[in-house]
Each structure stands twice: as structure tokens, then as C-alpha cells.
Amino acid sequence: LLEASLSDGDFGPGDAVGAVLWGTSFWFASPLQMLLLFLGNYDNERPSDRLMRTFGSVAQLPIDAIDYVAPAWVRGATASVCAAFGGVAAFSLGA
């Protein structure tokens, strides 16, 4: 029963939890950053910060202003991208 449930190819509750964990990890650190951290180097910019800056510059927001705070739609779009990457990672590793 256990082997049948693991090899049926469906996206189950465990995969959904894995997708949430992967998405959360993509918000805070990229796989390259984790490798560099293991090798003794670190990057102090999160992938989500990079994405928010990119979305802000595409939308022509004043991202270089000292008091700039990303609008809710930029944070939401960034969270959606991280969640999508998490889903892709969980699906591809579960296949």
C-alpha cells in the first residue's frame, strides 16, 4: 500500500507540504546561495528581495528611494513566483 501510494504519480498532501516548504525556502535563499554558504561564502540578499526590486523597476517604481517599501501587489507577485517555484520543485522531485 505504501509503495503504491508513493509511485502513483499523483500530487498528494505530502507533496503540497513539500511545495510550501520549497516555496518558503526560495523566498529566503536560492539553491546557489545554500551551496555557497556550505562552501564558506554567503550572500546577504534574498531571492525575494531581488525579485521585488526587479518587479519594481519594471513597473517604474522609485526603488532607489531611501523610504521605498514594495507595494502589496509586488510582494504578492513575488510570493506567487516563489510558490510556483516551490510547486515545480516538489513536483519534479516527486516524479
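See the structure printed just above.
Small disclaimer: the values here were computed from a predicted structure and weren't measured. (Residues numbered from 1 in each chain as written. Predicted model: local features only at pLDDT ≥ 70, side-chain atom pairs only at ≥ 80, totals over all residues. Heavy atoms only, no water.)

1. Quick word on the overall build of the chain
Phase 1: Of the regular secondary structure elements, the chain holds five helices and zero strands.
Phase 2: Written out in order from the N terminus, the α and β elements of the chain read α-α-α-α-α.
Phase 3: Within the chain, the fraction of its 95 residues that count as buried is 20%.
Phase 4: Contacts spanning at least 24 positions in sequence make up 46% of the contacts within the chain whose residues lie at least 6 apart. (Helix = DSSP H or I, 4+ residues; strand = E, 2+ residues; numbered from the N terminus. Buried < 20%, exposed > 50% of the residue type's maximum accessible area, 1.4 Å probe, protein only. Contact = heavy atoms within 4.5 Å.)

2. So, unusual backbone geometry
Phase 1: Although it is not a glycine, Gln-60 sits at a positive phi angle of roughly 60°.
Phase 2: Within the secondary structure, Gln-60 sits in the loop between helix H4 (47-58) and helix H5 (72-94).
Phase 3: With relative accessibility at 71%, the residue Gln-60 sits in the exposed group.

3. Observations concerning the packing of helix H2 (residues 13-28) against H5
Phase 1: Contact pair H2 / H5: the axes reach a minimum separation of 7 Å and the direction vectors enclose 130°. Compared by their axis directions, H2 and H5 come out oblique. The element H2 and its partner H5 pack so that their crossing is right-handed. Contact residues: Asp-15, Gly-18, Ala-19, Trp-22, Gly-23, Phe-26 and Trp-27 in H2; Arg-75, Thr-78, Ala-79, Cys-82, Phe-85, Gly-86, Gly-87, Ala-89, Ala-90 and Leu-93 in H5.
Phase 2: Among the residues forming the contact of H2 with H5, the class breakdown is 10 nonpolar, five polar and two charged. (Axes fitted to C-alpha atoms, helices over the stretch in contact; angles between N-to-C directions. Parallel < 35°, antiparallel > 145°, perpendicular 65-115°, else oblique. Left-handed = near helix turned anticlockwise from the far one by under 90°. Nonpolar A, V, L, I, M, F, W, Y, C, P; charged D, E, K, R; others polar.)

4. Remarks on the packing of H2 against H4
Phase 1: Relative to each other, H2 and H4 sit at 70°, their axes nearing to 5 Å. Between H2 and H4, the crossing angle belongs to the class labelled roughly perpendicular. Contacts between H2 and H4 involve Phe-26, Trp-27 and Phe-28 from the former and Pro-47, Ser-48 and Met-52 from the latter.

5. Comments concerning the side chain of Ser-48
Phase 1: Inspection of the secondary structure puts Ser-48 in helix H4.
Phase 2: Among the polar contacts made by the side chain of Ser-48, one reaches the main-chain carbonyl oxygen of Trp-27 at a distance of 2.9 Å.
Phase 3: In this view, Ser-48 contacts Phe-26, Trp-27 and Thr-78; residues no more than four positions away in its chain are not counted. (Polar contact = N/O pair within 3.5 Å; in protein donor to acceptor, adjacent residues only side chain to side chain.)

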